[in-house]
Amino acid sequence: PKSAELKGQHWIITAGPTMEAIDPVRFISNHSSGKMGYALAKAAADLGAEVTLISGPTNLAMPSGVKRVDVKSAQEMLYACRVAAADQADVFIGAAAIADFRVKDVATQKMKKQSNENEMQLTLIKNPDIIATLSSEDAAKYFIGFAAETQNVVTYAKDKLEKKGLDLIIANDVSRSDIGFNNDQNQVVVLSKDAQWTPEKASKTELAKHLVNIIQTFQTEQPK
Ligand code: C5P
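Residues numbered from 1 in each chain as written. Predicted model: local features only at pLDDT ≥ 70, side-chain atom pairs only at ≥ 80, totals over all residues. Heavy atoms only, no water.

By the naming in an unreviewed UniProt entry, the protein is Coenzyme A biosynthesis bifunctional protein CoaBC, taken from Marinomonas mediterranea.

Right under this line is the structure:
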């Protein structure tokens, strides 16, 4: 029988990369697989939560029992999150790897090679910070973000926790090739303003269950 510990809660989870158009046939993106976000969506749904998974382009199968909204760009992702959070969500988890910048003027026609030029320039402008924006709008009761760092993991993650208005931040060291980005295994440290959890290194599926448990513990300890 399915557990119903999270019954009545709406969780919104972003996952995957974003894809920022250059012209109708080209884009800027990154190597995020979406695995961690999809695993979290499944773990929360398995405990009875209503889950909206807002996903950039991935090759992953849709987890059962989850409502998936497909988006491409960061701007579309922010819009879809706001629609999903029209009634304040219980939990928002930002697992997506959002492009920091997008192309300022997207060409409406395919850009042609200039045969006399060896260089070309694209002007980029900053994308919105989705989780920070939603936190400032109180779109959910609890905000959980990720921090992929290559050094000073805890210090930088705590800084992000504060700056983005998060309750919990899940930090990992992406300089290690055995965990993280595009890997099935992951090891993280979870930080709140004044507590810390270190779940064991595990598959993203197993880790997702531990992370959902940590979020549940936090909800009980800090009711909102
Ligand atoms: O600043 P940084 O990209 O390291 O922060 C990572 C966290 O912030 C992740 O939870 C990510 O989903 C979220 N983020 C966001 N919007 C952005 C950039 C990051 O929601 N534009």
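**Comments concerning the UniProt feature "binding site: CTP" (unreviewed entry) in the protein**
Cross-referencing UniProt, the feature "binding site: CTP" (unreviewed entry) maps to Asp100, Lys110, Pro128, Asp129, Ile130, Ile131, Phe146, Lys160 and Lys164 in the present numbering. On the basis of their most widely separated C-alpha atoms, the annotated residues across 65 residues do not gather in one place, lying as much as 38.1 Å apart. Along the chain, the position of Lys110 falls in the loop between strand 7 (101–103) and strand 8 (124–126). On the accessibility criterion, Lys110 (46% relative accessible area) is partly exposed. One can find Pro128 in the loop between strand 8 and helix 3 (130–136). Residue class for Pro128 comes out partly exposed when judged on its relative accessible area of 25%. (UniProt positions renumbered as here; feature names shortened; annotations may be inferred. Helix = DSSP H or I, 4+ residues; strand = E, 2+ residues; numbered from the N terminus. Buried < 20%, exposed > 50% of the residue type's maximum accessible area, 1.4 Å probe, protein only.)

**Some words on the pattern of salt bridges**
The full count for this structure, using the stated rule, is 10 salt bridges. Asp46 is the partner of Lys42 in a salt bridge, and the nearest nitrogen-oxygen pair spans 2.7 Å. Placement of both Lys42 and Asp46 in helix 1 (residues 35–46) is noted, with a separation of 4 residues, approximately one turn of the helix. Under the relative-accessibility criterion, Asp46 is labelled partly exposed at 30%. A salt bridge links Arg82 to Glu137, with the shortest nitrogen-to-oxygen separation between them at 2.6 Å. Here Arg82 is found in helix 2 (residues 74–84), whereas its partner Glu137 is found in the loop between helix 3 and strand 9 (140–149), with 55 residues between them in sequence. (Salt bridge = Lys/Arg side-chain N within 4 Å of Asp/Glu carboxyl O.)

**Some remarks on unusual backbone geometry**
In this structure, Asp138 is a non-glycine residue whose phi angle is positive, near 55 degrees. Within the secondary structure, Asp138 is located in the loop between helix 3 and strand 9. Its identity is not glycine, yet Asn152 carries a phi of approximately 45 degrees, on the positive side. With respect to the helices and strands, Asn152 occurs in the loop between strand 9 and helix 4 (153–163).

**As for the site of the ligand**
Gly94, Ala96, Ile98, Pro128, Asp129, Ile130, Ile131, Gly145, Phe146, Lys160 and Lys164 make up every residue found near the ligand. The contact in question runs from an oxygen atom of the ligand to an N or O atom on the backbone of Gly94, over 2.6 Å. Phe146 places a polar main-chain atom, nitrogen or oxygen, 2.9 Å from an oxygen atom of the ligand. If the ligand stood free it would expose 450 Å²; the protein chains cover 83% of that surface. (Near = heavy atom within 4 Å. Polar contact = N/O pair within 3.5 Å; in protein donor to acceptor, adjacent residues only side chain to side chain. Areas by Shrake-Rupley, 256 points an atom, 1.4 Å probe, with all protein chains shown as cover.)

**Some remarks on the packing of helix 1 against helix 5 (residues 204–221)**
The interhelical angle for the contact between helix 1 and helix 5, taken along N-to-C directions, is 55 degrees, at an axis separation of 8 Å. Classified by the angle between their axes, helix 1 and helix 5 sit oblique to one another. Crossing handedness for the pair helix 1 and helix 5: right-handed. Side by side, helix 1 and helix 5 meet where Lys35, Met36, Ala39, Leu40, Ala43 and Ala44 of the first sit next to Lys204, Thr205, Leu207, Ala208, Lys209, Leu211 and Val212 of the second. (Axes fitted to C-alpha atoms, helices over the stretch in contact; angles between N-to-C directions. Parallel < 35°, antiparallel > 145°, perpendicular 65-115°, else oblique. Left-handed = near helix turned anticlockwise from the far one by under 90°. Contact = heavy atoms within 4.5 Å.)

**Notes on the nonpolar core**
By size, the foremost hydrophobic cluster in this structure holds 34 residues, and its most contacted members are Trp11, Leu40, Val51, Ile93, Ile144, Val190 and Leu211. No other element matches the 8 residues that helix 1 contributes to this core. Setting aside chain neighbours within four positions, we find Val190 in contact with Leu168, Ile169, Ile170, Ala195, Gln196, Trp197, Pro199, Leu211 and Ile214. Core analysis: the next-biggest nonpolar cluster, separate from the first, contains 27 residues, Ala80, Ala84, Ala85 and Leu134 among them. (Core = buried A, V, L, I, M, F, W, Y, C linked by side-chain atoms within 4.5 Å.)

**Focus on the sheet that holds strand 13 (residues 196–197)**
With mixed pairing, 8 strands are arranged side by side in an open sheet as 5-4-1-6-9-10-12-13. The sheet is open, and its two borders are formed by strand 5 (66–70) and strand 13, each paired with just one other strand. Note: strand 12 (residues 189–191) against strand 13, 2 bridges, orientation antiparallel. Bridge pairing in strand 13 places Val190 opposite Trp197. Helix 4 contacts strand 9, strand 10 (168–173) and strand 12 of the sheet and is inclined by roughly 150 degrees relative to strand 10. (Pairing = 2+ DSSP bridges.)

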